[in-house]
Amino acid sequence: MALPTLLILPATESGDAIFASASGDGYNTRRVAQTMFGTLEASDLHVILPGQTARIFETDLPKAGRTQQLKMAKFAREDDIASSADDLHFALSDNQPPRLAVIDQDVMGQLGVSLINLRPKAAYVDYDLLEGDQAILVIDRAVEPGQSALDLDWVEAELVQPTDTDLARQFADGIAAGRGINLLQGDYRPRSNISLPRPALMRFGALAACAALVAFIWGGVSDRSKVAQAENLQAKTAAEYTEVTGQAAPNAPGRAAARAAKSGPQQADGFLDLSNVLFAGMKDLDDIRVDQMRYNATDGTLALRFIYPSFDAAARAEAAIADVGGRLQTGGVRERDDTFVGEATLSLEPAS
């Protein structure tokens, strides 16, 4: 079986990708800037996406048609994802019961823009193809085979550091073994003369949507990781605000863009503003963990699930959020598996 051509993408916009083309029984590899993707020539291209962009779930679905299984999988995992299903792309594995991959539509759209001339045959998540017991350095991230990928800032363990050639071969072996879920399904299924969907160019109204973007805040991910993702998205939004308006970005660029783009006296608070308040208030409460969060764009609130150390810890969370300008309405706290769980709703105090 011929080896596929691989394009291993970096996790950061400024990072270089690894382009691997078959040579005999192995690969020739080179690092390629993302701005140079348009100059590449490749057939049978398989793209490897950074694991931070997607989450994969096991399912226990009964045998059925693929369409029916996909609907059931979405419903079964509704509580585990923070974005609206309309903003997400879902893909199923071929094995039964299938596994479910979930990735943002924006990521898939940007993939189509970046690789519009290359027409990839398949796209996989990095950790879904690799196997082994030790985390591996992949360009600019730590990949735990079969589990997840993390930014290097959050990793203290020593990493296996294969050469680019060895890394390409490991991904090719995973593809050959059928380990990964091909994300190019549904609307993104490759067609002979049709490239991946290309989203419209960024406009001011689209920038306003950043105020409502949840940006892969998944239930169960560490608070520290959520802070980093929120900060990265805020920095990106600020840069886009300046580019579009020609003005210096305010402290809450997404919120400002939303208010400029929407009409009417009532404006919902943006996800970035709420998440900034949440993590500013919780930064010193190391014994309270955010287990899940879901953004409601209609009324500008965050629905949260906390893991508390005790029944009375909810009051401390309320006070800490109030100190940084937020309003946390907590519900009852219940005991579950030797922990204390409670839901809450976060909103911003109205400006005086």
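Before reading further, recall that the structure is shown in the block above.
Attention here is on the structure that accompanies the text. In this text the structure is predicted, and so the values were computed from the model without any measurement.

### Observations regarding the sheet that holds strand S1 (residues 5–8)
Right, so step 1: Judged by pairing direction, the sheet is mixed, and its five strands sit side by side in the order S3-S2-S1-S4-S8 without closing on themselves. Taken across any chain shown, the strands that pair with only one partner, and hence form the sheet edges, are strand S3 (26–33) and strand S8 (122–125). Going across the sheet, the axis of each strand differs from the next one's by a mean of 20 degrees, ignoring polarity.
Right, so step 2: Of the strand pairs in this sheet, S1 and strand S4 (residues 45–49) are connected by four bridges, and their pairing is parallel. Within S4, the residue paired with Leu6 across the bridge is His46.
Right, so step 3: In the packing of helix H4 (residues 164–176) onto the sheet, contacts are made with S1, strand S2 (16–23), S3, S4 and S8, and the angle to S3 comes to roughly 110 degrees.

### Topic: the layout of surface pockets
Right, so step 1: In this structure, the second largest pocket occupies an estimated 310 Å³ of space.
Right, so step 2: If you go around the second largest pocket, you meet 16 residues; those closest to its centre are Leu70, Lys74, His89, Phe90 and Gly186.
Right, so step 3: Within the residue set of the lining of the second largest pocket, elements represented by two or more residues are helix H1 (66–76) and strand S6 (88–92).
Right, so step 4: Ranked by residues supplied to the lining of the second largest pocket, first place goes to S6 with five residues.
Right, so step 5: In the lining of the second largest pocket, the residues fall into seven nonpolar, five polar and four charged.

### Focus on the pattern of salt bridges
Right, so step 1: On inspection of all chains with the given rule, the structure shows 12 salt bridges.
Right, so step 2: Residue Arg141 pairs with Asp126 through a salt bridge whose shortest N-O separation is 2.6 Å. Residue Arg141 is located in strand S10 (residues 141–144), and its partner Asp126 is located in helix H3 (residues 126–129); the two are separated by 15 residues in the primary sequence. For the residue pair Arg141 and Asp126, the accessibility class agrees, reading buried in each case.
Right, so step 3: Between Arg305 and Glu343 there is a salt bridge, with its nearest N and O atoms 3.3 Å apart. Note that Arg305 is positioned in strand S13 (residues 301–308) and Glu343 in strand S15 (residues 339–348), a separation of 38 residues in sequence.

### With respect to the sheet that holds S15
Right, so step 1: With respect to topology, four strands assemble into an open sheet ordered S12-S13-S15-S14, the strand pairing being antiparallel. A single partner strand is all that each edge strand has here, and the edge strands are strand S12 (289–296) and strand S14 (326–336). Ignoring which end each strand starts from, the neighbouring axes of this sheet average 20 degrees apart.
Right, so step 2: As defined by bridge partners, S13 adjoins S15 across seven bridges and the pair is classed as antiparallel. Following the sheet pairing, Tyr308 is matched in S15 by Phe340.
Right, so step 3: Helix H8 (residues 271–282) contacts S12, S13, S14 and S15 of the sheet and is inclined by roughly 25 degrees relative to S13.
Right, so step 4: Helix H9 (residues 313–323) rests against S13, S14 and S15 of the sheet, and its axis sits at about 165 degrees to S14.

Calculation rules
Residues numbered from 1 in each chain as written. Predicted model: local features only at pLDDT ≥ 70, side-chain atom pairs only at ≥ 80, totals over all residues. Heavy atoms only, no water. Pairing = 2+ DSSP bridges. Helix = DSSP H or I, 4+ residues; strand = E, 2+ residues; numbered from the N terminus. Axes fitted to C-alpha atoms, helices over the stretch in contact; angles between N-to-C directions. Contact = heavy atoms within 4.5 Å. 1 Å grid on protein atoms, 1.4 Å probe; cavity = no way out; pocket = protein on both sides within 12 Å on 5 of 7 lines; lining within 4 Å. Points joined across faces, edges and corners; volume = space filled by probe spheres on them. Nonpolar A, V, L, I, M, F, W, Y, C, P; charged D, E, K, R; others polar. Salt bridge = Lys/Arg side-chain N within 4 Å of Asp/Glu carboxyl O. Buried < 20%, exposed > 50% of the residue type's maximum accessible area, 1.4 Å probe, protein only.

Any link to function would need more than the numbers given here.
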